[in-house]
Amino acid sequence: RGADWVIHMLVDIVSKNGNLLINVVQRPDGSLDPEAEQILAQMADWIAINGEGIYGTRPWLIHGEGPVRAKGGNFKEDFAYTAKDIRFTTKGDNTLYAFIMGWPEDGKVTVHALAALPGVTGKIATISLLGSPGMLGFTQDAQGLTVQLPAQKPCDYAVALKITGEDLKNAGNLNNQFGVPLTL
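Not measured: the values here are computed from a predicted model.

A. The arrangement of the overall build of the chain in detail. Of the regular secondary structure elements, the chain holds two helices and eight strands. Residues classed as buried in the chain amount to 40% of the 184 residues present. Residue pairs in contact within the chain that sit at least 24 positions apart in sequence constitute 66% of those at least 6 positions apart.

Printed below as a string of structure tokens:
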């Protein structure tokens, strides 16, 4: 398995308030296999770009959205993540990180959990892509927050949107007065 598998697992686990322990086996002389060194180097490159969305973060109201769902039991970590799979972390009161687990072919991603619902949704101030200069264009409606990504992706694996604003609640996970989840 490669760095993509480990990075996707890391993002998924951190979004659920977990920790990932990575076991790197050494040879008897203390050296590492070339494959392990390559994976660790790729992970270091990814962390240099996206570490802000991992270190010192907390889980959001939901861990993620998209077609990939966790299953019980052992050894069920081989998921085929796509650009529709998004994982969330937060830092402080006004920063939300949305990790896109694949790069969309059309250059746009929609975060359904940030749909604009009157009286429920907070105000988004800025959106940027970690590792990419400048702010990104976006629209927000009842279907979700749609973000136009830059032409060049900043890394080969999961990329992180940094969303800042006020009162960024998860519209799709709030309950009404009867405890019934609201739907989009």
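From this point, the narrative continues.
B. Inspection of the environment of Leu40 at higher detail. Inspection of the secondary structure puts Leu40 in helix H2 (residues 34–50). For the pair Leu40 and Val24, spaced 16 residues apart in the sequence, the C-alpha separation amounts to 9.1 Å.

C. Local environment of the nonpolar core. Judged by nonpolar contacts, the single largest core of 43 residues is most densely connected at Trp46, Phe88, Leu161 and Ile163. For this core, the element with the highest residue contribution is helix H1 (residues 3–15), accounting for six residues. With near-sequence residues (within four places) excluded, Phe88 lies in contact with Ser15, Trp60, Ile62, His63, Gly64, Glu65, Leu96, Tyr97, Ala98, Val111 and Ala113.

D. The arrangement of the packing of aromatic side chains in detail. Under the definition given, this model contains two aromatic pairs. Each ring, one from Trp46 and one from Phe99, has its centre 6.1 Å from the other, and the planes form 35°; the classification is tilted. With a gap of 53 residues between them, Trp46 in helix H2 and Phe99 in strand S3 (residues 95–100) connect regions that are remote in the sequence.

E. H2, seen in detail. In this model H2 runs 24 Å from its N-terminal to its C-terminal C-alpha over 17 residues, within 8% of the 24 Å that 1.5 Å per residue would give. All of the buried residues in H2 are Ile39, Met43, Trp46 and Asn50. Taken around the axis of H2, the buried residues stretch over an arc of 60°, which confines them to a single face. Pointing more than 90 degrees away from the buried face of H2 are the exposed residues Asp45 and Ala48. Taken together, the buried residues of H2 touch H1, S3 and strand S8 (159–166).

F. Local environment of the environment of Ile47. With respect to the helices, strands and loops of the structure, Ile47 is situated in helix H2. Residues Ile47 and Cys155, spaced 108 residues apart in sequence, show a C-alpha to C-alpha distance of 10.0 Å. Other than its neighbours up to four places away in sequence, Ile47 contacts Leu10 and Tyr55.

G. Geometry of the confidence of the model for the chain. Here the chain averages 85 in pLDDT, and 84% of its residues register 70 or above. With pLDDT under 50 throughout, residues 170–184 is counted as low confidence; its partners more than four residues away or in other chains account for 27 contacts.

H. Spotlight on H1. The end-to-end C-alpha separation of H1 is 18 Å, in line with the 18 Å expected for 13 residues at 1.5 Å each. H1 sits mainly inside the fold: 10 of its 13 residues count as buried. Turning to H1, its buried residues are Ala3, Val6, Ile7, His8, Met9, Leu10, Val11, Asp12, Val14 and Ser15. In this structure, the buried residues of H1 make contact with H2, strand S2 (86–91) and S3. Asn17 lies just past H1 and shows a positive phi near 65°.

Reading the values: the criteria
Residues numbered from 1 in each chain as written. Predicted model: local features only at pLDDT ≥ 70, side-chain atom pairs only at ≥ 80, totals over all residues. Heavy atoms only, no water. Helix = DSSP H or I, 4+ residues; strand = E, 2+ residues; numbered from the N terminus. Buried < 20%, exposed > 50% of the residue type's maximum accessible area, 1.4 Å probe, protein only. Contact = heavy atoms within 4.5 Å. Core = buried A, V, L, I, M, F, W, Y, C linked by side-chain atoms within 4.5 Å. Phe/Tyr/Trp six-rings, centres within 6.5 Å; stacked < 30°, edge-to-face > 60°. Expected span 1.5 Å × (residues − 1). Arc of directions from axis to C-beta. pLDDT = per-residue confidence, 0-100.

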